[in-house]
Amino acid sequence: MTVSAPVSHRRPAQRVRRHQSGSVLWSAVRTPRGAIGLVLTLFVVLVAVIGPFVAPNPPVALLTVDFGKPSAQFWLGSDVLGRDVLSRVLNGGWTLLIMAVCATALGIIGGAAAGIAAAYLRGASDGIIMRAVDVILAFPQLVFALLLLSLLGPKLWLITLAVGVSHAPQVARVLRSATLDVSERDFVKAAELQGMRPAKVMRKEILPNLVSPLMVEAGLRMTYSILIIAGLAFLGFGPQPPAANWGVMINENREGLALNPWAVVAPALLIALLTIGMNTFTDAFARVAIGVDRRPEQAALIEDIA
Amino acid sequence: MGRTGPDVVRDVCFAVPAGEMLGLVGESGSGKTTVALALLGHTRRGLRITGGQVLLDGTDLLTLSPGELRAVRGARVSYVPQDPSSALNPALRVGTQIREVLRAHDTEAGDRVAEVMREVDLDSTPEMLRRYPHQLSGGQQQRVALAMAFACRPSLIVLDEPTTGLDVSTQRHVLETVRDLCRSYGVAAVYVSHDLAVVSGLVSEVAVMYAGRVVEIGSTARLFGDPVHPYTRGLIGAVPSPERAEMLTGIDGQQPRPGRRGAGCSFAARCGFAVAACSTQAPEPVIAAGRTVRCLRALDIQVTQAERVPVLASPPATPGDSALSIRGVTASYGSTQVLSGIGLDVPPRTCVAIVGESGSGKTTLARCVAGLHSNWTGEIIFQGIPLARGARQRDKDVLRRIQYIFQNPYTSLNPRKTIGQIIDQQLSELSGLSRRERSVRMASVLEDVSLSGDFLSSYPDQLSGGERQRVAIARALAVEPELLICDEVTSALDVSVQATIVELLRRIQRERHLAMIFITHNLALVRSIAQSAVVLRHGEIAEAGPVEQILGHPADPYTQRLMEDVPKLLHSARP
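Residues numbered from 1 in each chain as written. Chains lettered and ligands numbered in written order. Predicted model: local features only at pLDDT ≥ 70, side-chain atom pairs only at ≥ 80, totals over all residues. Heavy atoms only, no water.

Enquirer: I tried to follow the sheet that holds strand β8 (residues 188-193) of chain B on my own but got confused; where do I start?
Expert: As a general point, the strands of a sheet are linked pairwise by backbone hydrogen bonds and lie either parallel or antiparallel. Residues and elements named next belong to chain B. A sheet is described by the order of its strands in space; here eight strands give the open sequence β6-β7-β8-β2-β9-β10-β12-β11, paired in mixed fashion. Of all strands in the sheet, those bounded by a partner on one side alone are β6 (77-80) and β11 (286-288). If you compare each strand with its neighbour and ignore which way they point, the axes differ by 20 degrees on average. Taken together, the four bridges between strand β2 (residues 21-25) and strand β9 (residues 205-210) define a ladder with parallel strand orientation. Bridge pairing in β9 places G23 opposite V206. Sitting on the sheet, helix α7 (residues 138-150) touches β6 and β7 (156-160), and the angle it makes with β6 is about 175 degrees. (Pairing = 2+ DSSP bridges. Helix = DSSP H or I, 4+ residues; strand = E, 2+ residues; numbered from the N terminus. Axes fitted to C-alpha atoms, helices over the stretch in contact; angles between N-to-C directions. Contact = heavy atoms within 4.5 Å.)

What follows is the structure, given as structure tokens:
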């Protein structure tokens, strides 16, 4: 009797060394799913970053008729005030992106710190942190941001802060459960027996083992940040007109949807591509990371067979 | 034989007559579970059966359609898994699960449930049948799994290390039940195990697997009494004996993984008898001394027998101050008390073994001493100074002097750090050494545990279980402790690796004059390492004294029973 493992032409994810999170990222890029996600994301980021430098016209200049059809001069037509849609699209992404990145970073850092601390310290700290998280979670994210903005006024830093804070509870929940698993392992106890302070144990022993869930969560939160910030801009909380912004553009041009749909479709499409791209890539990363982050004895077994 | 990838298992061939049992033994990764599952026509994901036959009363199971195979499984071939707690459905009552098996194969269900329960020595009362798996003990769960396997009177039953998680006494009873059932119903059984001692007392024929091949197969008495294949000899030499204090000899090196097995004999690199031809020429099975052996030198070496070296009598415990004394320690988890009024002394330069079954509180006691468990009362005095309850209240010098080695080397090393970082962290936290002194210390401590300096830049997942445990030992030794606590340090390892780790610990303990607490459930290991022993039972000390007295002439009935129930390597030709 003979039992064989099939030859696999694809390099199995399980072969990736577990400690090199960079190589997890790289294998995620090499899956079809990951490649598509990355290409979509990079396309939109490229538009937002180099857009201001290549835009043919100033974004706020009134150049032609309202809602003019696309022409040789204005490739995507004109908007509600006769401004060049292409130039406004090229200029309208970078504020959105910067705000989304900052809000995500804020949410991830705050949420991770709260979640890891709650799970590792347990007891009263766990109770206090997680009940606070539950209170914030009770508000829908958009409503929470709106509440803060209507209390303090629509300032860009406040929008970023509000979105970041609204992310923190979800991040905290995910990281708390990931930490519960890691902090049960003996190497954490070994560090405690070295007399390490809790903060150092969390930073030096636990955090490096949470890279994968953190990356997945960052990708997911980035998607939501973009949606919420664009949504807030649409509702009038964001860069104020006449500044170009994808969310603002969708709002101010929707009455001319029949005349020049590109004034709405172009910014909406870019937002959609960005969120889809981010999400697809995050998903690819998560799939690879799950294969890699098994318990070591399982990983060894899989490696034996593969 | 259409091969599409590296063979995991090759050319395995054996026959089991009705009513007889065959033992399939080997270290982890040798392919024994793969073979066991193939007997049911099943493979784990990623594997494929590419050739051969599994004949059951003349029918080749491998040619059956999935539907036919389903009808055969459970009815004519059945399987008892390693871990009953995960094999039983936690949401279904025990009675329902057994009835399900019977119904699936059209057997009159009603009365038979009670009957099969009685066969495995379980109560067949309605209360018992209404229980859920988590309401049963591990032994009872395994009996339910056995009942399900025997329910339809199969012709073949495959048991995959069914007693691994059980205590010795429970294990013995479960094994007796299995043997009786197989005999009385004429069932052929294949018993997969890494535990040679269990197999030696149970089966009539043994097949030893190594790197996916059967390297030696023959009757139990011949094979254990006078092993021919060097690997079988190695395995037997590594089995500790509860009756004699002997040097345990492990097998150095590692089993080659599938796809990395060279042209010659897979064992050649680790074999003391190997000649040049061994690494180029694949051995074919030959008959030597009444059994089939896959070894080129089988006929030359069959007469040479390895000798066992008794351990030199250990120096008696020096009277006087204790390195550690435990006075009236009572410990609880929540409201459950797990230790009550424990008092014991660890003399300097002495290894004290703490033995007991699972739930006896032996690990809790070790964790109280180490400071990992802080919910205890009483006094633990270390070199004249009472210890604080938890590690956080202890100063760095106390933490340095008491070192703890964890049971599972797979979780005790941070997977994101290199071995060098892991040991260096211990040194920088607990010793005042400079960077240069630390790297000198690291090199010397790795040498002490027989690891080369190359390991410093590897990550834990690049190491085998035995190597990881060596790293854990090196981490403890690096800070020059005075008390070493070893908590079941070999229970996650193969028997040949266990032997080398135990030898290593014994050498270190004697060379460095350490006080040591060696926690184990395996009484057979005690003689090889400890000078005195403490038997724990339900959180109380049943018996304590020198090893000779406890293992040789146990006074307490509990210790006597434990000694009786420890599986012993039978048929073994020992002086």
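Enquirer: Explanation requested: a nonpolar patch on the surface in the structure shown.
Expert: Residue and element names in this part refer to chain A. There is a patch of nonpolar side chains on the surface, built from V135, F139, V143, L147, L151 and L152 and spanning about 570 Å² of accessible area. In terms of residue count, helix α6 (residues 141-152) provides more of the nonpolar patch than any other element does, four residues in total. Relative to the helices and strands, F139 is located in the loop between α5 (123-137) and α6. (Patch = residues over 30% accessible without salt bridge, like charges linked within 9 Å, V, L, I, M, F, W, Y side chains within 5 Å. Areas by Shrake-Rupley, 256 points an atom, 1.4 Å probe, with all protein chains shown as cover. Salt bridge = Lys/Arg side-chain N within 4 Å of Asp/Glu carboxyl O.)

Enquirer: Would you take a moment to explain the confidence of the model for chain B for this structure?
Expert: Should pLDDT be low for a region, the predicted coordinates there are not to be read in detail. Residue-level pLDDT values for chain B average 85, and 94% of them are 70 or greater. Scored as a complex, the prediction yields pTM 0.82 and ipTM 0.81. (pLDDT = per-residue confidence, 0-100.)

Enquirer: Where do I start with the environment of B:R103 in this structure?
Expert: Inspection of the secondary structure puts B:R103 in helix α4 (residues 94-104). Sequence-wise, B:R103 and B:C152 are 49 residues apart; in three dimensions their C-alpha atoms are separated by 9.8 Å.

Enquirer: Is there a simple way to explain the pattern of salt bridges in this structure?
Expert: Between side chains of opposite charge, a pair can form as their charged atoms come close. All names here are of chain B. Counted by the stated rule, this structure contains 40 salt bridges over all chains. Its salt-bridge partner being D11, residue R213 comes within 3.6 Å of it at the nearest N-O pair. Of this pair, R213 sits in strand β10 (residues 213-219) while D11 sits in the loop between β1 (7-9) and β2, and the two are 202 residues apart along the sequence. Note on D11: relative accessible area 29%, which makes it partly exposed. (Buried < 20%, exposed > 50% of the residue type's maximum accessible area, 1.4 Å probe, protein only.)

Enquirer: Honestly, the packing of aromatic side chains in this entry has me stumped. Any pointers?
Expert: Each aromatic ring pair is described using two quantities: the centre-to-centre distance and the angle formed by the ring planes. Taken as a whole and assessed by the stated rule, the structure comprises five aromatic pairs over all chains. With a centroid separation of 6.1 Å and an interplanar angle of 50 degrees, the aromatic rings of A:F139 and A:F144 are classed as tilted. Its relative accessible area of 37% is what places A:F139 among the partly exposed residues. Accessibility expressed as a relative area gives 11% for A:F144, which makes it buried. Ring centres of B:Y210 and B:F267 lie 5.1 Å apart, and the angle between their planes is 85 degrees; on these two criteria the pair is classed as edge-to-face. (Phe/Tyr/Trp six-rings, centres within 6.5 Å; stacked < 30°, edge-to-face > 60°.)

Enquirer: Just to check I follow, could you spell out helix α15 (residues 419-430) of chain B for this structure?
Expert: Each turn of an α-helix holds 3.6 residues, which means side chains three or four residues apart point in the same direction. Taking 1.5 Å of rise per residue, the 12 residues of α15(B) would be expected to cover 16 Å, and the 17 Å separating its terminal C-alpha atoms lies within 8% of that figure. Burial analysis of α15(B) places nine of its 12 residues in the buried class, the great majority of the element. Of all the positions in α15(B), only B:I419, B:G420, B:I422, B:I423, B:Q425, B:Q426, B:L427, B:E429 and B:L430 are classed as buried. Contacts made by the buried residues of α15(B) are with α8 (186-193) and α9 (198-206) of chain A together with α14 (396-401), β18 (402-405), α16 (435-448) and α17 (465-478) of chain B. (Expected span 1.5 Å × (residues − 1).)

Enquirer: I tried to follow the pairing of β8(B) on my own but got confused; where do I start?
Expert: Within a regular strand, side chains alternate between the sheet's two faces. Residues and elements named next belong to chain B. Burial analysis of β8 places six of its six residues in the buried class, which makes it a mostly covered element. The side-chain alternation of β8 yields two buried faces, one formed by A188, V190 and V192 and the other by A189, Y191 and S193. Here five bridges tie β2 to β8, and the two strands are oriented parallel to one another. Within the sheet, the bridge partner assigned to L22 lies in β8 and is V190. Here β7 runs beside β8; their pairing, made up of five bridges, is parallel. Bridge pairing in β8 places L156 opposite A188. Tracing the backbone out of β7, into helix α8 (residues 168-185) and back to the parallel element β8 gives a crossover that is right-handed. (Right-handed = clockwise from strand over helix to strand, strands pointing away.)

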